[in-house]
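Topology and contacts: notes
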Amino acid sequence: METIIGVRFRTAGKIYHFSPGQLTIAKGQHVIVETARGMECGRVVTGPEEIEPAPDAQPLKVIQRIANAHDLQRVEDNRKHEKEARVICKKKIREHGLPMKLVSVEYTFDLNKIIFYFTADGRIDFRDLVKDLASVFRTRIELRQIGVRDEAKMMGGIGCCGRPLCCATFLGDFEPVSIRMAKEQNLSLNPTKISGICGRLMCCLKYESDCYCGQCPKQVKKIQPPQQGGRVVTVDGEGKVISLNQQRRTATILLDNSRTVVAAWEDVIEQEVEVESAEQKAPEVKREPREERRPPKRARTGSRRPREGREHGNRSGRNGSNGNGSNGNGSNGNGSNGSSEQAREHSSRSRRSRRPRENRSAERQSRPHNARRPRAPREKQESGQPKEQARQDAKS
């Protein structure tokens, strides 16, 4: 086990833990400790406690000594020097024309460093300002930019509730606050009503957020609130829920006899309303089977011709009108018989064999361009002669 104490260096600041060593220190005393910024004087806010250190935790720093009257007088002198340094720094900022607002100045206990806290909208180039301040104070200068919440914590003030700001009184760290917390507490979402003097959401919205979300550690039994606008049963009778108070966990109920009562959630029972199902309300409709509703098929009369006969008939009609129309046999059955015989011969005629496409392409590629087979000359027709007579002359 290890003994630790908590030390705070400013009002409502962060608590740092140190080891008391061989000293006997009580709560409320001022001590001198060594920090990353040098020697500092702080106030003990938590008494000695014994805890089990973590296996990977670094060893705590030991307190140097308990502050005496001389040390406390030195702290008061540093506060006076901080006011003088604040005036000088504001003057230098105006000379350089920098868009920044100085918030606070802090001296270390051993006067080894001066820290200037400021706020600005963006990044500021303050290198020339640091050089001027270092030439005036002859010590190390540090300029640190902070946010609007830190500004309110350092300067302090009075909130809309009439009390000092929580951040400047007892809050050590800033916890995240969201607009959802105000919505769950049924508060007005007007930014002017739920924002603090810093312009951000008020920190007190976080205090009761766990109770509204059902995560309060003091809540033993989780009771669901009645639904607003629903029917409930109370000791005084039945009625309708008008409004709910989440903080007091009560419901305002308008009774059937026009009385208004306020009852706790534990004393309210929601009334069960029997609702008939849609199947019982809707009348049953008898539907005919699908086969009976289908209309009967029409009786087909006549027999269709076979496919071969239709094709031959069409071909015969076309052949008869083309070739034999000049002889007057187009309307007789001779033309149709002749055309049907030609069609049968044509269908029975076997196709001539063709060479595969791959062999032909290979043969074309292997054959030279000049050795191609010459085309047969076209037959010249004599002018003035019909085509049939020219063919007969050529055969003779």
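Our subject is the structure listed above.
Presented here is an overview of the structure given in this document. (Residues numbered from 1 in each chain as written. Predicted model: local features only at pLDDT ≥ 70, side-chain atom pairs only at ≥ 80, totals over all residues. Heavy atoms only, no water.)

**Comments concerning the overall build of the protein chain**
Along the protein chain, the regular secondary structure elements total 12 helices and 13 strands. Across the 396 residues that make up the protein chain, the buried fraction comes to 24%. Taking the intrachain contacts of the protein chain between residues at least 6 apart in sequence as the baseline, contacts between residues at least 24 apart amount to 52%. Per element, the accessible surface of the protein chain, about 31100 Å² overall, is 46% carbon and sulfur. (Helix = DSSP H or I, 4+ residues; strand = E, 2+ residues; numbered from the N terminus. Buried < 20%, exposed > 50% of the residue type's maximum accessible area, 1.4 Å probe, protein only. Contact = heavy atoms within 4.5 Å. Areas by Shrake-Rupley, 256 points an atom, 1.4 Å probe, with all protein chains shown as cover.)

**Brief notes about the sheet that holds strand 5 (residues 65-66)**
Pairing is antiparallel in the open sheet, where 5 strands are placed in the order 2-1-4-3-5. The open sheet has two edge strands with one neighbour each: strand 2 (15-18) and strand 5. Both strand 1 (residues 2-8) and strand 2 contribute to a ladder of 4 bridges, which runs antiparallel. If you follow arginine 8 over to strand 2, its bridge partner there is isoleucine 15. (Pairing = 2+ DSSP bridges.)

**A look at the pairing of strand 1**
With 5 of 7 residues buried, strand 1 is to be regarded as a mostly interior element. As paired strands, strand 1 and strand 4 (residues 38-51) are joined by 6 bridges and run antiparallel to one another. Of the residues in strand 4, the one forming a bridge with arginine 8 is arginine 43. Counted between consecutive antiparallel strands, the loop separating strand 1 from strand 2 contains 6 residues, among which alanine 12 sits at a positive phi close to 60°.

**Comments concerning helix 1 (residues 69-96)**
The end-to-end C-alpha distance of helix 1, which contains 28 residues, comes to 41 Å, matching closely the 40 Å that a straight helix rising 1.5 Å per residue would cover. Among the residues of helix 1, Asp71, Val75, Asn78, Glu82, Ala85, Cys89, Lys92 and Ile93 are the ones counted as buried. Note on helix 1: the residue one or two positions beyond its end, glycine 97, has a positive phi of about 65°. (Expected span 1.5 Å × (residues − 1).)

**Some thoughts on the nonpolar core**
The biggest cluster of nonpolar side chains holds 17 residues, and the ones touching the most others in it are Met100, Phe116, Leu133, Phe137 and Leu143. Going through the elements one at a time, helix 1, strand 6 (101-107), strand 7 (113-119), helix 2 (127-137) and strand 8 (140-145) are the ones with two or more residues in this core. Discounting residues that sit within four places of it in the chain, leucine 133 has contacts with Cys89, Lys92, Phe116, Arg138, Ile141 and Leu143. Listed in part, the 10 residues of the second largest apolar core include Ile223, Ile253, Leu255 and Trp265. (Core = buried A, V, L, I, M, F, W, Y, C linked by side-chain atoms within 4.5 Å.)

**Some thoughts on the side chain of asparagine 78**
Among the structural elements, asparagine 78 can be located in helix 1. Looking at asparagine 78, the relative accessible area reads 4%, which means it is buried. Apart from the residues within four sequence positions on either side, asparagine 78 is in contact with Tyr107, Thr108, Phe109 and Leu111.

**A short note on the packing of aromatic side chains**
Applying the stated criterion to the full structure yields 4 aromatic pairs. Ring centres 6.4 Å apart and planes at 90° place the aromatic pair phenylalanine 9 and phenylalanine 18 in the edge-to-face group. Phenylalanine 18 gets classed as buried once you look at its relative accessible area, which sits at 6%. On the numbers, 5.8 Å between centres and 75° between planes, the contact of phenylalanine 118 with phenylalanine 126 is edge-to-face. In this structure phenylalanine 118 comes out as buried when scored by relative accessible area, which is 1%. The class for phenylalanine 126 is partly exposed, based on a relative accessible area of 23%. Through pairs of rings, three or more aromatic residues link up here, namely Phe9, Tyr16 and Phe18. Positioned above the aromatic ring of phenylalanine 109, the side-chain terminus of arginine 74 is 5.0 Å from the ring centre. (Phe/Tyr/Trp six-rings, centres within 6.5 Å; stacked < 30°, edge-to-face > 60°. Lys NZ or Arg CZ within 6 Å of the ring centre and 35° of its normal.)

**Focus on helix 3 (residues 148-155)**
Burial in helix 3 covers these residues: Arg149, Glu151, Ala152 and Lys153. Elements that come into contact with the buried residues of helix 3 comprise strand 6 and strand 7. Positioned one or two residues after helix 3, glycine 156 has a phi angle of 80°, which is positive.

**Topic: the sheet that holds strand 10 (residues 238-245)**
The strand order across the open sheet built from 5 strands is 12-11-10-9-13, with neighbouring strands paired in antiparallel fashion. One side of each edge strand has no neighbouring strand; the edge strands of this open sheet are strand 12 (260-264) and strand 13 (269-270). Both strand 9 (residues 231-233) and strand 13 contribute to a ladder of 2 bridges, which runs antiparallel. Looking at the pairing, valine 233 lines up with isoleucine 269 of strand 13.

**Observations regarding unusual backbone geometry**
Of note in this structure, alanine 12 is not a glycine but carries a positive phi near 60°. Within the fold, alanine 12 resides in the loop between strand 1 and strand 2. The backbone of arginine 138 shows a phi angle near 60°, a positive value even though the residue is not glycine. Secondary-structure assignment places arginine 138 in the loop between helix 2 and strand 8. Arginine 138 sits in the exposed class, given a relative accessible area of 72%.

**Things to note about the pattern of salt bridges**
Throughout the structure, instances matching the rule amount to 12 salt bridges. Across the pair glutamate 151 and lysine 101 runs a salt bridge whose closest N-O atoms are separated by 2.8 Å. Taken together, the positions of glutamate 151 in helix 3 and lysine 101 in strand 6 put the pair 50 residues apart, joining distant regions of the chain. Its relative accessible area of 13% is what places glutamate 151 among the buried residues. Lysine 101 gets classed as partly exposed once you look at its relative accessible area, which sits at 43%. Arginine 231 serves as the salt-bridge partner of aspartate 256, at 3.1 Å between the closest nitrogen and oxygen. Placement of the pair is aspartate 256 in the loop between strand 11 (250-255) and strand 12 and arginine 231 in strand 9, with a sequence separation of 25 residues. Residue class for aspartate 256 comes out exposed when judged on its relative accessible area of 51%. (Salt bridge = Lys/Arg side-chain N within 4 Å of Asp/Glu carboxyl O.)

Nothing here speaks to function; it is all geometry.
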